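An overview of the molecular structure
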Amino acid sequence: MSRHSNFISRSVSSLTILLCFTLFDWNGHGYFIFYIPLIIFILKGELNNFDCTFYLFLLFGVSYSLIDCLNTRSLNYTYNILPIVNFPILYIMGKYIGNRNSVKENVNTLWLFAISLALLTIISVYISFLKEGFSWAARDIALFGYNGGTNNYKTIAATGLYSRILPLTLFMPLLLIKKEGYGKWLLVITAILAFICCLRLQSRSAIYITGVSLIIPLLLGSKNNTFTKFWGIIIIVFSIIFVLSHYSDQLAIIERFQKNNAFDNEGGEGRFTLAAKIFDNLASHPFGGLRNARYAHNLWLDCARVSGWIPMILLICITWRCIMITTRIFKCHNFPEYYRLITVILTSCLLLYFFTEPILEGASMLFAYFCLYFGILTGSNSQIILAHESIVYRQRLL
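So, a few notes on the structure that sits alongside this text. From a predicted model like this one, the values you see are computed outputs, not experimental measurements.

On a plain count of helices and strands, the protein chain comes out with 17 helices and two strands. Going through the 398 residues of the protein chain one by one, you find that 50% of them count as buried. The long-range share in the protein chain, meaning contacts at least 24 apart out of those at least 6 apart in sequence, stands at 69%.

Evaluation of the coordinates by the stated rule reveals 21 aromatic pairs. Between phenylalanine 34 and tyrosine 35, the ring centres sit 5.2 Å apart and the planes meet at 70°, which makes this aromatic pair edge-to-face. Judged by centre distance (6.0 Å) and plane angle (40°), the ring pair of phenylalanine 370 and phenylalanine 374 falls under tilted. Here the residue phenylalanine 370 and the residue phenylalanine 374 both occupy positions in helix α17 (residues 364-397), the gap between them amounting to four residues, near one helical turn. Just as phenylalanine 370 is buried, phenylalanine 374 falls in that class too. Ring pairs connect the aromatic residues Phe57, Phe87, Tyr91, Trp300, Phe354, Phe355, Phe367, Phe370 and Phe374, which therefore count as one cluster. The ring of tyrosine 79 carries the charged tip of arginine 291 above its face, separated from the ring centre by 3.7 Å. Sitting over the face of the ring of phenylalanine 330, arginine 340 holds its NZ or CZ atom 5.4 Å from the ring centroid.

On to helix α7 (residues 158-169). Between the first and last C-alpha of α7 there are 15 Å, a value that for 12 residues agrees with the 16 Å anticipated at 1.5 Å per step. With 11 of its 12 residues buried, α7 lies for the most part within the structure. Listing the buried residues of α7 in full gives Ala158, Gly160, Leu161, Tyr162, Ser163, Arg164, Ile165, Leu166, Pro167, Leu168 and Thr169.

Cut-offs applied
Residues numbered from 1 in each chain as written. Predicted model: local features only at pLDDT ≥ 70, side-chain atom pairs only at ≥ 80, totals over all residues. Heavy atoms only, no water. Helix = DSSP H or I, 4+ residues; strand = E, 2+ residues; numbered from the N terminus. Buried < 20%, exposed > 50% of the residue type's maximum accessible area, 1.4 Å probe, protein only. Contact = heavy atoms within 4.5 Å. Phe/Tyr/Trp six-rings, centres within 6.5 Å; stacked < 30°, edge-to-face > 60°. Lys NZ or Arg CZ within 6 Å of the ring centre and 35° of its normal. Expected span 1.5 Å × (residues − 1).

Coordinates in, geometry out; function isn't part of it.
Now the structure itself:
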């Protein structure tokens, strides 16, 4: 039994490390590294345990890819391979990990995946800070590890960079959640460093999504000093921003937002208008074919813009199942409170961000993280279901 558990532990650790390299995505080769754990999975016979969600991912991928191929008469890795192969398999791999890890290990694994996804961006932002200062006007930054563009590195837009940092920032609310062990502070400190990068990128999404993530523990968590902690953090953060913006030219955060109109309403209204236009076009283009049209800045509508109603409905079903499993975990008091809250935070904030950007085309690695996260949720939920069924079975025997 001990040998069997050690073998499982080594298998999960190896898979986690390989998936970290996938999300690290050095020079854009992350998806090619993905095929290493896939081959190992196939050789070991672990590519099984398919469920309804896997088939929804697969049907979504096939319909999205096939319809796009018919529309464009061409084959593209992002549009036609990722949805069929990578996303469904990443979900299964996440489920494999979640079903074999403890709750604490699942949280640490999600953090490892998040920091792997964010690391190149964090390095790039801090290199930019050292070279140009915090108040440098440009929001686009040369991404370390990506060849081409400025300074021999490919320049990436701020929105693309933020999509890589987002999951890591969502561990900041652990400040407000009671969690045993000193490892919590490592998660929180890295999340704060990631949030500072978001300020440098002038990301409006980062401001409101971080705000939502901090409010969730206040609304749903137990009342043991959470209220005091929350307002204490708010006061400290805004005091630091106020001091830095008024007394340092190099760290004029508020001035940078004002100078670049980061708080104006045009962007928000424009995105609503684009989303409404895409939705209207679906009546005359039920199978999409509008890949070259402007983005709707919405995961589901941009999916429909490319391939129409069918994959969009399947994607909505996947989203709904993720919400249902998150709700089930939150209501299940067999899980510790910090795990129940962190799942609500991750699900809510990831889906909230999906309303603001063309995820499948512009932030596919973030969607890969979502697939792994959804799989881990499903796997940990399966543990509780199996434990409950075992208890019921024993009670019947008695």
